[in-house]
Amino acid sequence: MINPKYFLKGVLCSRKFDSPAIALGASFIAIGALLKNLGFTIQESILSTFLTYALPGSLVMAESMLIGASLINIFLAVWLVNSRLYPMTVSIMPLLKHESQPRWKYYLSCHFVAVSSWLILKSNYEEIEKNYRIDFWIGIGTATWLIAIFSTVLGYYAADFLNKDMIIGLTIVNPIYFMCAMIGVMKTIQLSSAILLGAILGPIFYFISPEWSVLIGGVVAGTVAYLIGEKYGN
Amino acid sequence: MATNIILIILVTSFATYISRFLGAFTSEKIVETSKIYKWFNCVAYSTLAALISRMLIFPSGDLSDVHYILRITVILLSILIFYVTKRNLVYPTVLSAIILATLNSFAV
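The rules behind the values
- Residues numbered from 1 in each chain as written.
- Chains lettered and ligands numbered in written order.
- Predicted model: local features only at pLDDT ≥ 70, side-chain atom pairs only at ≥ 80, totals over all residues.
- Helix = DSSP H or I, 4+ residues; strand = E, 2+ residues; numbered from the N terminus.
- Rg over C-alpha atoms; globule rule 2.2 N^0.38 Å.
- Buried ≥ 20, exposed ≤ 12 C-beta atoms within 10 Å, placed from the backbone.
- Contact = placed C-beta atoms within 7 Å.
- Axes fitted to C-alpha atoms, helices over the stretch in contact; angles between N-to-C directions.
- Parallel < 35°, antiparallel > 145°, perpendicular 65-115°, else oblique.
- Left-handed = near helix turned anticlockwise from the far one by under 90°.
- Nonpolar A, V, L, I, M, F, W, Y, C, P; charged D, E, K, R; others polar.
- Domains from an automatic or database assignment.

What follows is about the overall build of chain A. Helices and strands together make up the secondary structure of chain A, namely 13 helices and 0 strands. Secondary structure elements of chain A occur, N-terminal to C-terminal, as α-α-α-α-α-α-α-α-α-α-α-α-α. Compactness check: chain A gives a C-alpha radius of gyration of 18 Å against a globular reference of 17 Å for 234 residues, within 12% of the reference. Its C-alpha atoms give chain A principal-axis dimensions of roughly 50 × 45 × 35 Å. A total of 234 residues make up chain A; the buried ones form 56% of that total. When contacts within chain A are restricted to residue pairs at least 6 apart in sequence, those whose partners lie at least 24 apart make up 80%.

Structure, rendered in structure tokens:
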């Protein structure tokens, strides 16, 4: 089954001082408050984070509900904004793969792919032996997922005490944290170009198509960055 | 209404899980040293950067009520704090929330 030693190592990774757990917690407090204002019960709010566990997707769901969008429209909007999870999953699964591990672990634990857990894994996986990396990843995922659920509950109950400026303060925590984390990983030509080009092209493509901007901007920027890395070395 | 909310949650989570599942499924044959892996890695970082900059420049939800000058001020200050504190992630993150909440309370 799951090796407890490596699982625990993964769990403990989320406790580091500068862990993405801080940004994750703050943004899900804001989500909890938002869901309460939308008329969700506490059980529905927990279920939402439990099953979705992706911040932009939850925001899109909330906005779509506000404008009374149909289920098909909600599905498409969420699928588009969360399609970034596809390349993110592809870029970590080969790092976790080992023939001694059962496949169900990969298909179940892919639910944990989110920016925070992804960044924790990317900065720690090399220290873990390959045959136990999946258990380490399940530990990271479980910890960050539980933080998100707990913060949703906290935000739900704190909603009455948070004024609008406080909620706004909480909502900027997430993008600012990940912006700084991204600047922090710009250590090779390939990664630096990928991040800089993505940050520039994402908003530019927004003028052409707000829904597709992240996906198209990401694919174009990533492809150019890949070619730059291949030509000038990593 | 309650049934609708449950249905919306299920649709949202299904739309989210598809990308994760397809990622796990299609990566089965991909080796971490291959070119296709490197390309996916670049696309993953670019897509994330595109999403983060879109969230800051064209935000949705409560953040969209904040004037863009305030948002840009907080972004620039956060980058400055990040470098001044020797690339510490906690200080810019915590301070960005406090600075934005304070500035916005004066702006409105």
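From this point on, the discussion continues.
The next subject is the packing of helix α12 (residues 189–206) of chain A against helix α2 (residues 35–57) of chain B. Close contact between α12(A) and α2(B) brings their axes to 7 Å; oriented N to C, the two are set at 45 degrees. As far as their axial angle goes, α2(B) and α12(A) are oblique. For α12(A) against α2(B), the interelement crossing comes out right-handed. When α12(A) is examined against α2(B), the residues Q190(A), L191(A), A194(A), I195(A), L197(A), G198(A), A199(A), L201(A), G202(A), P203(A) and Y206(A) are found in contact with a partner set consisting of C42(B), Y45(B), S46(B), T47(B), L48(B), A49(B), A50(B), L51(B), S53(B), R54(B) and I57(B). Of the residues contributing to the contact of α12(A) with α2(B), the split by class is 15 nonpolar, 6 polar and 1 charged.

With that settled, the discussion passes to the interface of chain A and chain B. In this assembly, 86 residues from chain A lie in contact with 67 residues from chain B. With 20 residues, helix α11 (residues 164–184) of chain A is the largest single contributor of residues to the side of chain A that touches chain B. Of the residues that constitute the side of chain A that touches chain B, the class distribution is 60 nonpolar, 20 polar and 6 charged.

Take the domain arrangement of chain A next. Accessible area lost upon the coming together of the parts serves often as the stated size of an interface. Residue and element names in this part refer to chain A. As assigned here, chain A comprises domain 1 (4–172) and domain 2 (186–234). For domain 1 and domain 2, the distance between their C-alpha centres works out to 24 Å. Opposite the 5 residues of domain 1 that make contact, domain 2 presents 5 residues.

Time to look at the domain arrangement of chain B. Under the domain assignment used here, chain B contains domain 1 (1–30), domain 2 (31–58) and domain 3 (66–108). Here the C-alpha centre of domain 3 of chain B lies 25 Å away from the C-alpha centre of domain 2 of chain B.

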